[in-house]
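# Coordinates in review
Residue strings, one per chain:
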Amino acid sequence: MKTYVWPVGQPDPVFATRFAAADVYEKALASFIMVCADVVPYHAPSQTLLLAKRAQKPMEHLWFYGGRVWIGERVTEAALRHFAEDTGLRLTADRLQPLGVMDYLFHERQQAPQNTPCHTHAHTFAVALTEAEITQWGGHVRAPEYLPGSLTRVTRAMAHAHPHPAVRDVYEALFPLA
């Protein structure tokens, strides 16, 4: 994704804040589409996605790593930041393979009130990991968002059985049948 700064030649603008008070955030989620950046690590030789179980709404299943893009942050920067926070692995932007923008409509969310829906656009990237990187990672994931020890190598059958079709779709984009 290319970012344009206007007027041309000017530095990126500096934004005052990245956090909103809970009541303001609640109103924003009810009024605007949230922009996120997600990363899907995979191991090509075994044709598996490397997902961990989220412990928080809206997706309490094996899921991608990522989260909200801060104001003024590039989506690739957000993807790398969240992946490092969630897994401890630091990657460079050249490793990210754009998969597309996923459009999610969730009936509930983690933030109060939880029974309020939210709409998210997630810029989704894939990253191929070597067996050495997977070993270095050791499956550590950030609590409380993910359940410790839940790293799973998701096969084609598991992706097709997953309750959310995005997991199946990402799997098929990375490992299409011949």
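Just so it is clear, the structure is predicted and the values come from calculations on it, not from any experiment. (Residues numbered from 1 in each chain as written. Predicted model: local features only at pLDDT ≥ 70, side-chain atom pairs only at ≥ 80, totals over all residues. Heavy atoms only, no water.)

### Observations concerning the environment of Arg95
Here Arg95 shows up in the loop between helix 2 (75–87) and strand 5 (97–106). For Arg95, a relative accessible area of 25% corresponds to the partly exposed category. C-alpha of Arg95 to C-alpha of Lys53: the two residues are 42 residues apart in sequence and 24 Å apart in space. Setting aside residues up to four positions removed in sequence, Arg95 forms contacts with Ala126, Val127, Ala128, Leu129 and Glu133. (Helix = DSSP H or I, 4+ residues; strand = E, 2+ residues; numbered from the N terminus. Buried < 20%, exposed > 50% of the residue type's maximum accessible area, 1.4 Å probe, protein only. Contact = heavy atoms within 4.5 Å.)

### Details of the nonpolar core
The biggest cluster of nonpolar side chains holds 26 residues, and the ones touching the most others in it are Leu49, Leu51, Phe64 and Tyr104. Counting only elements with at least two residues in this core, the list comes to helix 1 (22–31), strand 1 (34–43), strand 2 (48–53), strand 3 (62–63), strand 5, strand 6 (118–128) and helix 5 (165–174). In terms of residues, this core owes the most to one element, helix 5, which gives 5 residues. Leave out the neighbours within four places in its chain, and Leu51 touches Val40, Leu62, Trp63, Phe64, Tyr65, Ser150, Leu151, Thr152, Val154 and Val167. Membership of the second largest hydrophobic core comes to 21 residues, among which are Leu50, Ala52, Leu91 and Trp137. (Core = buried A, V, L, I, M, F, W, Y, C linked by side-chain atoms within 4.5 Å.)

### Quick word on the packing of aromatic side chains
Given two aromatic rings, one states the distance between the centres and the angle between the planes to describe the pair. Under the definition given, this model contains 9 aromatic pairs. Ring geometry for Tyr42 versus Phe175: centroids 5.7 Å apart, planes at 80°, classification edge-to-face. Residue Tyr42 is found in strand 1, and its partner Phe175 is found in the segment after helix 5; the two are separated by 133 residues along the sequence. A single burial state applies to Tyr42 and to Phe175, both of which are buried. Among the aromatic residues, ring-to-ring pairing joins Trp63, Phe64, Tyr104 and Phe106 into one connected group. The aromatic ring of Tyr146 is capped on one face by Arg54, whose charged end is 5.8 Å from the ring centroid. (Phe/Tyr/Trp six-rings, centres within 6.5 Å; stacked < 30°, edge-to-face > 60°. Lys NZ or Arg CZ within 6 Å of the ring centre and 35° of its normal.)

By themselves, these are just geometric observations and shouldn't be taken as functional.
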